[in-house]
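Structure at a glance
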Amino acid sequence: MPDQNYFGLRFTKNFEEFGLTETVYAEPSGELYIGTDTSSMELKLGSKRQFNSFSLSGSMSVKYVAYDKIVSAQPINAEVRSVIPSITLGYAQQFNDFELQIREIISLPTIKTDNRIYAKLFAGVEYKF
């Protein structure tokens, strides 16, 4: 499929966060993606604990995949997992206007018959204007 192009639209809604304690708050959100390659809807509930210069975060989410033409195409030709649960653990450190972010995302794979844990490490730097 290297000769095919895909496009899509992603809609994200962050709902009002609410405090669990003075330093811990919850962040509910939702995401809808409709594209020519895949279509999915995800609901997430995250929480974050803020310290002086860093924060720890975690979230749980459930993603419903309506179709995924990449996984179901040749040569993979696999059946798509419709419901994909995941857990995310994160760390963020503030350095003046920069923020270092490290997250581990643990989920089930997109392929239905594969029940091994799928882990993805994310690291990034964000600059706030």
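That block above? That's the structure.
Everything in this summary refers to the structure shown in the same document. (Residues numbered from 1 in each chain as written. Predicted model: local features only at pLDDT ≥ 70, side-chain atom pairs only at ≥ 80, totals over all residues. Heavy atoms only, no water.)

**Describing the overall build of the protein chain**
For the protein chain, the helix and strand inventory stands at zero helices and eight strands. Along the three orthogonal principal directions, the C-alpha set of the protein chain runs to about 50 × 30 × 25 Å. Relative to its full complement of 129 residues, the protein chain shows a buried share of 27%. By element, 59% of the accessible surface of the protein chain is carried by carbon and sulfur atoms, the whole surface being about 9,300 Å². Of note, the protein chain has its 13 positive side-chain charges centred 4 Å away from the centre of its 15 negative side-chain charges. (Helix = DSSP H or I, 4+ residues; strand = E, 2+ residues; numbered from the N terminus. Buried < 20%, exposed > 50% of the residue type's maximum accessible area, 1.4 Å probe, protein only. Areas by Shrake-Rupley, 256 points an atom, 1.4 Å probe, with all protein chains shown as cover. Lys, Arg positive; Asp, Glu negative; His and termini not counted. Charge placed at Lys NZ, Arg CZ, Asp CG, Glu CD.)

**Brief notes about the pattern of salt bridges**
Summed over all chains, the structure comprises three salt bridges. The partner of Glu31 in a salt bridge is Arg10, and the shortest N-O contact between them spans 2.8 Å. In this pair, Glu31 sits in strand β3 (residues 24-35) while Arg10 sits in strand β1 (residues 8-14), placing the two residues 21 residues apart along the sequence. Residue class for Arg10 comes out exposed when judged on its relative accessible area of 51%. Linking Asp114 and Arg116 is a salt bridge whose minimum nitrogen-to-oxygen distance equals 2.9 Å. A relative accessible area of 61% means that Arg116 is categorised as exposed. (Salt bridge = Lys/Arg side-chain N within 4 Å of Asp/Glu carboxyl O.)

**Concerning the side chain of Asp114**
Examined against the element boundaries, Asp114 turns out to sit in the loop between β7 (98-107) and β8 (118-127). In this structure, Asp114 is in contact with Arg81 and Pro109, ignoring residues within four places of it in sequence. (Contact = heavy atoms within 4.5 Å.)

**Remarks on the pairing of β7**
Across 10 bridges, strand β6 (residues 83-95) lies against β7 in antiparallel orientation. For Thr88, the partnering residue across the bridge sits in β7 and is Ile105. As consecutive antiparallel partners, β6 and β7 are separated by two residues, and within that stretch Asn96 has a phi angle of approximately 55°, a positive value. Bridge count between β7 and β8: 10 bridges; the pairing is antiparallel. The residue bridging Arg103 from the neighbouring strand is Phe122, located in β8. (Pairing = 2+ DSSP bridges.)

**Examining the environment of Ala119**
Relative to the helices and strands, Ala119 is located in strand β8. Assessed through its relative accessible area of 48%, Ala119 is described here as partly exposed. Sequence separation between Ala119 and Ser107 is 12 residues; the distance between their C-alpha atoms is 6.5 Å. Excluding residues that lie within four positions of it along the chain, Ala119 makes contacts with Glu104, Ile105 and Ile106.

**Considering the pairing of β6**
Where strand β5 (residues 54-68) lies against β6, 11 bridges are found, and the strand directions are antiparallel. Across the sheet, residue Val62 finds its bridge partner in β6, namely Pro85.

**Notes on a nonpolar patch on the surface**
Side chains of Leu9, Phe11, Leu32, Ile34, Met41, Val62, Tyr64, Tyr67 and Val83 sit close together on the surface and give an oily, nonpolar patch of about 830 Å² of accessible area. Elements supplying a minimum of two residues to the nonpolar patch: β1, β3 and β5. For the nonpolar patch, the leading source of residues is β5, giving three residues. Take Tyr64: it is sitting in strand β5. (Patch = residues over 30% accessible without salt bridge, like charges linked within 9 Å, V, L, I, M, F, W, Y side chains within 5 Å.)

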